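Each chain, letter by letter, is given below.
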Amino acid sequence: MTDLEQKELMVQLGRSFYERGYSVGGAGNLSVRLDENRVLVTPTGSSLGRLKVERLSVLDMDGNVLEGDKPSKESVFHLEMYRKNPKCNAIVHLHCTYLTALSCLQGLDPTNAMKAFTPYYVMRVGKMQVIPYYRPGSPEIARELSERALSGKAFLLANHGVVVTGADLLDASDNTEELEETAKLFFTLQGQKIRYLTDDEVKDLENRGK
Ligand SMILES: [Zn+2]
């Protein structure tokens, strides 16, 4: 994909997330690796519903702005994850309703915020580790995500939102939508007895994914 195609896709995905209520106000940010040395990120304070191709920020791996507006203050953790995991090519960070509600619950398992009850969750992301609460944009979030960047695809930021990676922007977006839908099911099922997938059923899905 050319830079322009990546930028156009980011604008289109941002608008789609916004129109479907995944993102409100200036919350959330998207990024994609353009090549070994450059990352495309949504600008600071921008609504995902009103992104403009010419204003998207292009950064080098040290965070210097090469093109466009000043990047989101949360771009710090995006860069850390790209530096740590060469296979991570795109990142979606949203404050979407159900995953953010989940992130506000007490007593989440830090190794996996949602026990699997649908196969798609296992096939798409496997597990969702929980990052403790820190102020948005703080270096601690970047450090914690960097430490875990090789051991998962999706991370719940406590009292904040979700960070989901993918092989490209579409893959990261599909992973995010699957997770948000799973969180919605989780809350819909509150008060009911959920039949979680057994360890063997989860293993079977994980083996098929390899
Ligand atoms: Zn955020």
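The name given to the protein in an unreviewed UniProt entry is 3-oxo-tetronate 4-phosphate decarboxylase, with Mannheimia succiniciproducens as the source organism. Quoted verbatim from the Function (unreviewed entry) heading of the UniProt record, the comment on the protein is "Catalyzes the decarboxylation of 3-oxo-tetronate 4-phosphate to dihydroxyacetone phosphate (DHAP) and CO(2)." In its Cofactor (unreviewed entry) section, the UniProt entry covering the protein states "Zn(2+)".

Asker: Would you take a moment to explain the packing of aromatic side chains for this structure?
Answerer: To describe a pair of aromatic rings, you give the distance between the ring centres and the angle between the ring planes. Counted according to the given criterion, the structure contains 4 aromatic pairs. Ring centres of Tyr98 and Phe187 lie 6.4 Å apart, and the angle between their planes is 40°; this geometry places the pair in the tilted category. Note that Tyr98 is positioned in helix H3 (residues 97-103) and Phe187 in helix H6 (residues 169-188), a separation of 89 residues in sequence. Given a relative accessible area of 31%, Tyr98 falls into the partly exposed group. Look at Phe187 and you get partly exposed, because its relative accessible area is 25%. On the basis of an interplanar angle of 75° and a centroid distance of 6.2 Å, the ring pair of Phe117 and Tyr196 is categorised as edge-to-face. One end of the pair, Phe117, is in the loop between H3 and helix H4 (119-124); the other, Tyr196, is in the loop between H6 and helix H7 (199-208), with 79 residues separating them in the sequence.

Asker: Could you clarify how one ought to interpret the layout of surface pockets in this entry?
Answerer: Leftover empty space is mapped by rolling, across the atoms, a probe with the size of a water molecule. Considering only enclosed or pocket space, the largest pocket measures out at about 360 Å³ in volume. Surrounding the largest pocket, 17 residues form its lining, Asn85, Ala149, Leu150, Gly152 and Lys153 being those nearest its centre. In terms of residue class, the lining of the largest pocket is built from 5 nonpolar, 8 polar and 4 charged.

Asker: I would appreciate a short explanation of the coordination of the zinc ion in the present structure.
Answerer: Each angle at a metal carrying four tetrahedral donors should ideally be 109.5 degrees, and each at a metal carrying six octahedral donors should ideally be 90 or 180 degrees. On the protein side, the zinc ion has Glu74 (OE), Glu74 (OE), His93 (NE2), His95 (NE2) and His160 (NE2) as donor atoms, found 2.1 to 2.8 Å from it. Summarised as a motif, the one-chain spacing of the donors to the zinc ion is E-x18-H-x1-H-x64-H.

Asker: Got a minute to help me understand the pairing of strand E5 (residues 90-94) in this structure?
Answerer: For E5, the buried fraction is high: 5 of the 5 residues fall into the buried class. Residues Ala90, Val92 and Leu94 of E5 are buried on one face, and the alternating residues Ile91 and His93, pointing to the opposite face, are buried as well. Inspection of the sheet shows strand E1 (residues 29-35) paired to E5 by 4 bridges, in the antiparallel sense. Looking at E5, one finds that Leu30 is bridged to Val92. Across 5 bridges, the pairing between E5 and strand E8 (residues 161-166) is antiparallel. From the neighbouring strand, Ile91 faces E8, where its bridge partner is Thr165.

Parameters at a glance
- Residues numbered from 1 in each chain as written.
- Predicted model: local features only at pLDDT ≥ 70, side-chain atom pairs only at ≥ 80, totals over all residues.
- Heavy atoms only, no water.
- UniProt positions renumbered as here; feature names shortened; annotations may be inferred.
- Phe/Tyr/Trp six-rings, centres within 6.5 Å; stacked < 30°, edge-to-face > 60°.
- Helix = DSSP H or I, 4+ residues; strand = E, 2+ residues; numbered from the N terminus.
- Buried < 20%, exposed > 50% of the residue type's maximum accessible area, 1.4 Å probe, protein only.
- 1 Å grid on protein atoms, 1.4 Å probe; cavity = no way out; pocket = protein on both sides within 12 Å on 5 of 7 lines; lining within 4 Å.
- Points joined across faces, edges and corners; volume = space filled by probe spheres on them.
- Nonpolar A, V, L, I, M, F, W, Y, C, P; charged D, E, K, R; others polar.
- Donors = N, O, S within 2.8 Å, 3.2 Å for Na, K, Ca; no water.
- Pairing = 2+ DSSP bridges.

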